[in-house]
Amino acid sequence: MSTLQTTDHEHLFRAIELAEGGRGRTSPNPLVGAVIVRDGHVLGEGFHAALGEPHAERAAIAAAGDADLRGATLYVSLEPCCHTGRTPPCTDAILQAGFARVVVASDDPTEKASGRGLGILRDEGVVVDVAEGEVAAKARLLNQPFRKHARTGRPFVLFKSAMTLDGKVATRTGDSKWISGEDSRRLSHQWRSEVDAVVVGIGTALTDDPLLTARIEGVTRQPRRIVFDSEARLPLDSQLVRGAAEVPLTVVVTRAAPRTAVDALEIAGADVIVATGANEPDRVRNSLVQLGNAGVASILLEGGPHLAGAFLDAGEVDEIRLFVAPVILGGSSARDPLEGEGAERIASAMRALSLECSRSAEDVLITARMREW
């Protein structure tokens, strides 16, 4: 492995920037960007725009037009695929174009890919370099949902909540509209558009009768709506059930759910999965395995506190985004963002790997990355 130059890193960072152009449209595929360079000149750029469309490497080759790519260098944010899926192998396109060198920002952890594409290219005489350090870390963070799903079979879990300065998400009567401001709620809808599914508990579904759709301009794909509803209590006249024909709905029940209620939900158009396990965290993990097997690679967990606590107890919260509003509720019985069992000792508490703070109008957004995949 050769030492990469400053210009190599610059082109890789550009490939990562391009990859963002497919956010919300490529799942279960990863976000990938590519840049073609020869003699210091960029000949073409591209990214994987949507599931089923050309991969980044082929998009960049197409963008180069009639340019002779023999001897050029291809910079790509993720190692090229070597298998046939919805599109042909990118390694074939790379070899056909005659690239002399391929520089990769990060690995592909899937069993069908991991290192195979790079080995094929090396065997055919292409110089292959793999980045390390900052650019590699940024490329991995770009595709955390894809990486977790590839490694574990379970979806990446992003927990989102809005709380007051004193750490409350609802009053003692259950009122929570609206703690965060309009800009924060718009951002939440953007996040919905970028994940495969939005998850709430039956308490939230009964109290709010939500749609759980992404209501912003430019949305091309709505997320699946998922309700954790152990006894299948979700009303058939709820907005979620009535909209199941247009936007997919999954209801996660337990064996305690009456068969008649489950049948009624399925007849109304909902998909029903039965989560098994000795306790609630076990049932959360089991449901995530089933959702992952169904192709759900990322979820936005919107609560409520009881379900969020179960996900935390299960060790399945990968990232947290908390809006903190300039509001104080008070009250010993006001709701906290996370319930469940929690940690018994500070030493055993889950600690964030990184923490970022930003402003969202009057609110403060705290983003905590809990693990890296």
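About the thresholds
- Residues numbered from 1 in each chain as written.
- Predicted model: local features only at pLDDT ≥ 70, side-chain atom pairs only at ≥ 80, totals over all residues.
- Heavy atoms only, no water.
- Helix = DSSP H or I, 4+ residues; strand = E, 2+ residues; numbered from the N terminus.
- Rg over C-alpha atoms; globule rule 2.2 N^0.38 Å.
- Buried < 20%, exposed > 50% of the residue type's maximum accessible area, 1.4 Å probe, protein only.
- Contact = heavy atoms within 4.5 Å.
- Areas by Shrake-Rupley, 256 points an atom, 1.4 Å probe, with all protein chains shown as cover.
- Lys, Arg positive; Asp, Glu negative; His and termini not counted.
- Charge placed at Lys NZ, Arg CZ, Asp CG, Glu CD.
- Axes fitted to C-alpha atoms, helices over the stretch in contact; angles between N-to-C directions.
- Parallel < 35°, antiparallel > 145°, perpendicular 65-115°, else oblique.
- Nonpolar A, V, L, I, M, F, W, Y, C, P; charged D, E, K, R; others polar.
- Core = buried A, V, L, I, M, F, W, Y, C linked by side-chain atoms within 4.5 Å.
- Expected span 1.5 Å × (residues − 1).
- Arc of directions from axis to C-beta.
- Polar contact = N/O pair within 3.5 Å; in protein donor to acceptor, adjacent residues only side chain to side chain.
- Pairing = 2+ DSSP bridges.
- Salt bridge = Lys/Arg side-chain N within 4 Å of Asp/Glu carboxyl O.
- Phe/Tyr/Trp six-rings, centres within 6.5 Å; stacked < 30°, edge-to-face > 60°.
- Lys NZ or Arg CZ within 6 Å of the ring centre and 35° of its normal.
- UniProt positions renumbered as here; feature names shortened; annotations may be inferred.

## Some remarks on the overall build of the chain
Looking only at helices and strands, one finds twelve helices and 14 strands in the chain. In terms of overall dimensions, the chain is globule-like: its C-alpha atoms have a radius of gyration of 23 Å, near the 21 Å expected for 373 residues. Its C-alpha atoms give the chain principal-axis dimensions of about 70 × 45 × 40 Å. For the chain, buried positions account for 49% of its 373 residues. A sequence separation of at least 24 residues applies to 71% of the contacts in the chain between residues at least 6 apart. Looking at the chain as shown, the accessible area adds up to about 17,500 Å², and 48% of this sits on carbon and sulfur atoms. Separation between the mean location of the 41 positive side-chain charges and that of the 51 negative ones in the chain comes to 2 Å.

## What about the packing of helix H1 (residues 6-19) against helix H5 (residues 133-142)?
Running from N to C, H1 and H5 point in directions that differ by 10°, and their axes come no closer than 10 Å. Comparing the axis directions of H1 and H5 gives the class roughly parallel. Side by side, H1 and H5 meet where His-9, Leu-12, Phe-13, Ile-16 and Ala-19 of the first sit next to Glu-134, Val-135, Lys-138, Ala-139 and Leu-142 of the second. Tallied by class, residues from the contact of H1 with H5 come to seven nonpolar, one polar and two charged.

## Structural notes on the nonpolar core
Core analysis: the biggest nonpolar cluster contains 31 residues, and Val-227, Leu-234, Leu-249, Val-251 and Leu-265 have the highest contact counts within it. Counting only elements with at least two residues in this core, the list comes to strand S6 (156-163), strand S7 (197-201), helix H8 (202-208), helix H9 (239-242), strand S9 (249-253) and helix H10 (259-267). Excluding residues within four positions of it along the chain, Val-251 makes contact with Val-227, Asp-229, Leu-234, Leu-265, Ala-270, Asp-271, Val-272 and Ile-273. Phe-159, Val-252, Phe-311 and Leu-322 belong to the second-largest nonpolar core, a separate cluster that totals 28 residues.

## Topic: helix H11 (residues 280-293)
Its 14 residues give H11 an end-to-end C-alpha distance of 20 Å, which sits within 8% of 20 Å, the value for a rise of 1.5 Å per residue. Every buried residue of H11 is listed here: Pro-281, Val-284, Ser-287, Leu-288, Leu-291 and Gly-292. The arc that holds every buried residue of H11, seen down its axis, measures 135°, which confines them to one face. Measuring from the backbone nitrogen of Asp-282 back to the side-chain oxygen at the start of H11 gives 2.9 Å, which picks out Asn-279 as the cap. Remark: Gly-295 follows H11 within two positions and exhibits a positive phi of approximately 95°.

## Let's talk about the sheet that holds S7
Backbone hydrogen bonds are what pair the strands of a sheet, in a parallel or an antiparallel way. Strand order in the open sheet formed by nine strands is S10-S9-S8-S7-S11-S6-S12-S14-S13, and the pairing between neighbours is mixed. The open sheet terminates on both sides in strands that have one partner only, identified here as strand S10 (271-274) and strand S13 (354-360). Adjacent strand axes in the sheet meet at a mean angle of 20°, parallel and antiparallel pairs treated alike. Pairing analysis gives five bridges linking S7 to strand S8 (residues 224-228), with the strands arranged parallel.

## A few points about the pattern of salt bridges
Within this structure, the stated rule accounts for 24 salt bridges. Members of the salt-bridge network, linked through shared partners, are Lys-148, Arg-154, Glu-316, Asp-318 and Arg-371.

## So, the sheet that holds strand S5 (residues 127-130)
Reading across from one edge, S2-S1-S3-S4-S5 is the order of the five strands in this open sheet, with mixed pairing throughout. Strands with a single pairing partner mark the edges of an open sheet, and in this sheet they are strand S2 (41-47) and S5. Across the sheet, the mean angle separating the axes of adjacent strands is 15° when strand polarity is ignored. Here strand S1 (residues 33-38) pairs with S2 via six bridges, running antiparallel. Its bridge partner lying in S2, Ile-36 is registered against Gly-44. Across the sheet, H1 touches S1, S2, strand S3 (73-76) and strand S4 (101-104), and the angle it forms with S1 is around 145°. Most of the contacts of helix H4 (residues 116-123) go to S5, to which it runs at about 145°, and overall it touches S4 and S5.

## Structural notes on the packing of aromatic side chains
According to the stated counting rule, one finds two aromatic pairs in the structure shown. On the numbers, 5.5 Å between centres and 10° between planes, the contact of Trp-191 with Phe-323 is stacked. Residue Trp-191 is located in helix H7 (residues 182-194), and its partner Phe-323 is located in strand S12 (residues 319-324); the two are separated by 132 residues in the primary sequence. With a centroid separation of 5.6 Å and 70° between ring planes, the pair formed by Phe-228 and Phe-311 is classed as edge-to-face. Placement of the pair is Phe-228 in strand S8 and Phe-311 in helix H12 (residues 305-313), with a sequence separation of 83 residues. A single burial state applies to Phe-228 and to Phe-311, both of which are buried. Above the ring of Trp-191, the side-chain terminus of Arg-321 is found at 4.7 Å from the ring centroid.

## A short note on the environment of Thr-91
Tracing the backbone shows Thr-91 in helix H3 (residues 90-97). Residue class for Thr-91 comes out buried when judged on its relative accessible area of 2%. When the C-alpha positions of Thr-91 and Asp-8 are compared, they lie 20 Å apart, and in sequence the two are 83 residues distant. With residues near it in sequence (within four places) discarded, Thr-91 still touches Pro-80, Cys-81, Cys-82, Gly-117 and Leu-121.

## Looking at the UniProt feature "binding site: substrate" (unreviewed entry) in the chain
As annotated by UniProt and renumbered to match this structure, "binding site: substrate" (unreviewed entry) occupies Ser-176, Arg-192, Leu-212, Arg-215 and Glu-302. As for its position among the elements, Leu-212 is in the loop between H8 and S8. Classification of Leu-212 as buried rests on a relative accessible area of 3%. Apart from the residues lying within four places of it in its own chain, the contact partners of Leu-212 are Arg-192, Val-198, Val-200, Pro-223, Arg-225, Leu-240 and Glu-302. Inspection of the secondary structure puts Arg-215 in the loop between H8 and S8. With near-sequence residues (within four places) excluded, Arg-215 lies in contact with His-189 and Arg-192.

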